[in-house]
Amino acid sequence: MKKFERLFKILYGTGLLLIGFIVVDVLVSVILFCFKLNISVINFWSSLIITLITFTLIGAKNNKSQINKLLSIGLFMVMLFGAIFVASKIYDSSYDGNSYHKGAIGMMAHGWNPVYQTAEDYSDNIFHIRGAKIFTWIDHYQNLSWIFGATVYRVFGNIETAKSLNFLLIGGALFILVNYFKRFKFKNLQNMILACVTVFSPVVISQFFSFYIDGNLAITFYIYIATISLITFELIKNRRITADLLFIFFFSICILANLKLTGILLVAVGILPLAIYLTILMVQKKIKAADYYKLFGMTIFSILFSILVIGSTSYVKNTLTMKNPFYPLLGDNRSDIITTMQPAELMNKNQIEKLLISVFSRSDNVQLYSWKALEYKIPLTWNNDEINSLNITDTRIGGFGIFYSFIFILSIAIILGYLITAFKDKKGADDRAIYKIITSCVLISILLYSVLPTENWWARYAPNIYLITPIALAIILGRMNQKSEDHLAKILSVILVVTIFLNQLPFLYFKSITPKSNRAVKMELVEARAYIEKNPQSKVVINNHYMGVFYNLLDHKIVKADGSNFEFLKREIDDEAKEKHPHVFFWGRALY
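Keep in mind that what you see is a predicted model, and the values were worked out from it rather than measured.

(A) Up close: the confidence of the model for the protein chain. Taken residue by residue, the protein chain gives an average pLDDT of 91. The fraction at 70 or more is 94%. The spread of mean pLDDT over the elements of the protein chain runs between strand β3 (residues 585-587), the lowest at 49, and helix α7 (residues 144-156), the highest at 98. This stretch, residues 586-592, has a pLDDT under 50; its non-local contacts, to residues over four places away or in other chains, come to 37 contacts.

See below:
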């Protein structure tokens, strides 16, 4: 274990830098927005310098720790610019990515200030469309990912670099969680397996190369839950809170609350059960009152900072303009984005019923007007249609994978078996007593979020549901460490890990063939530029308001920044349209 001690510290420092840089970058940009300073190259580089200087100055000053910090900084720089490079080479072909995600990022990078101007007003001189629903999302959704992406795009001139956020969060989560599991007394290989199983969920893998943010929300939620759990453990076991945990706690709340509106719900339900438990311990004087109030103060500060400062471009803006901080998803004037997206079989069902129907149905992208019935399945069975349905970023039914129904049953069985055994054991002096309470509180958080109207049947909206899988695996591995002769635990651990890998395999396969589709998009971009250069009077027609495609074309000098040589076509492009407009280059739907 000690042989890898230094490596773990270096990786942990890198993880801190990766998520810390994201928060600093967005904070700097929001402050500049408030002073009417739009995004420029200053945002990215100044944030990077601030992050590195702060990291260097905080903490121990002995030579060994400083060398470790320098190595962490070196690895961080490699990962940061490596992530940007990889992202630049991969084109997002998703629906949402090429509409409002890229659209918002592109407008911010080219001069839109969301504090003082609506997206519709800014874009009117370029896109010439008003009243489109897309502007509601761009103006009022939480926008941390867009702000960060816009600062990267502004520096590197390729809108695809903006999705480097995905890779930074994945890397940060892996490095932090490996360290956390080590502190929970797992072995080195177990640390890595647990971190990988936690981070690489089906949703994260399926959205790996896209601008969708559900995977990022899930990753941040897992960091958040793990951090709260470790803080609780440290408070009870060692009667202290270390500064590194408070930093990560703060960063995770800032990111979680500002990726999506549901993030603020995850913050609340994630901490509520453990907060109640810690309050009881404080009253009983089993933890230090000073540490309790330090955590309580940090929680309140982090939430307020996330909403009022980092979230000033969404929560505060929505309150001032719409009298509702949670617009457009909650309130009297909310927009319903779910009803037509769900299959008819889920109508009028409660959240738990919807979840169970989805988990135990064949994977499929069925929605209300698909006119297709759901098909229930026996766990561990599959067909080719199921596998093919996973080749998108947001499969609706059975979106956790073809084998997840079995993983779901096995995980619940392991957790219930553990809790029954743990609460029968009356010993309260060792770590196991703390583990069972923390596990129980996390499970209560998962259940609380499951009964809220958050549409847990759709995998992309259910980061809490997948969390039971790494919890179950951690229980089994912990059992193996306590009783090396426990053959049942060894068998269950192998079955669970192998099934998880096989379940994730189709998602990994579809990501592995992304370069092939990339080549087709790149070829189309080259041909488009050549066509426009030979026919400078031609107009580029972008299909169906895909604003993101405009910025791809702008990066490749195919359209002009003022929008003078392009227009939107509000319907699918067909042969009749091509014959009607032979002088126009037609750009396909969402880079497909």
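What follows continues from the structure just given.
(B) Structural context of the packing of aromatic side chains. By the definition in use, this model includes 44 aromatic pairs. Ring geometry for Y95 versus Y546: centroids 5.6 Å apart, planes at 85°, classification edge-to-face. On the criterion of sequence distance, the pair formed by Y95 in helix α4 (residues 95-109) and Y546 in the loop between β1 (540-543) and α24 (547-555) is long-range, its members being 451 residues apart. Look at Y315 and F326: their rings are 6.3 Å apart centre to centre, the planes differ by 85°, and that puts the pair in the edge-to-face class. With a gap of 11 residues between them, Y315 in helix α15 (residues 315-322) and F326 in the loop between α15 and α16 (351-359) connect regions that are remote in the sequence.

(C) Seen up close, the pattern of salt bridges. On inspection of all chains with the given rule, the structure shows 19 salt bridges. Between K102 and E160 there is a salt bridge, with the nearest N and O atoms lying 2.5 Å from each other. Here E160 lies in the loop between α7 and α8 (164-183) and K102 lies in helix α4, a separation of 58 residues in the sequence. For the residue pair K102 and E160, the accessibility class agrees, reading buried in each case. We note a salt bridge from E375 to R362, for which the minimum N-O separation is 3.2 Å. A residue pair is termed long-range when its members are at least 10 positions apart, and E375 in the loop between α16 and α17 (384-389) and R362 in the loop between α16 and α17 qualify at 13 residues.

(D) The arrangement of the state of the cysteines in detail. Within this structure, the stated rule accounts for zero disulfides. Of all cysteine sulfurs in the structure, the one in C254 sits closest to C34, which takes part in no disulfide; the separation is 15 Å. The class for C34 is partly exposed, based on a relative accessible area of 36%.

(E) Summary view of the nonpolar core. Grouped together as the largest cluster of nonpolar side chains are 170 residues, with contacts concentrated most on F127 and Y224. Per-element tally for this core: the top contributor is helix α11 (residues 214-237), with 14 residues. The contact partners of Y224, leaving out residues within four places of it in the chain, are F249, S252, I253, L256, L266, V267, G270 and I271. L346, W457, W458 and Y461 belong to the second-largest nonpolar core, a separate cluster that totals nine residues.

Here is what the cut-offs are and how they apply
- Residues numbered from 1 in each chain as written.
- Predicted model: local features only at pLDDT ≥ 70, side-chain atom pairs only at ≥ 80, totals over all residues.
- Heavy atoms only, no water.
- pLDDT = per-residue confidence, 0-100.
- Helix = DSSP H or I, 4+ residues; strand = E, 2+ residues; numbered from the N terminus.
- Contact = heavy atoms within 4.5 Å.
- Phe/Tyr/Trp six-rings, centres within 6.5 Å; stacked < 30°, edge-to-face > 60°.
- Salt bridge = Lys/Arg side-chain N within 4 Å of Asp/Glu carboxyl O.
- Buried < 20%, exposed > 50% of the residue type's maximum accessible area, 1.4 Å probe, protein only.
- Disulfide = S-S within 2.5 Å.
- Core = buried A, V, L, I, M, F, W, Y, C linked by side-chain atoms within 4.5 Å.

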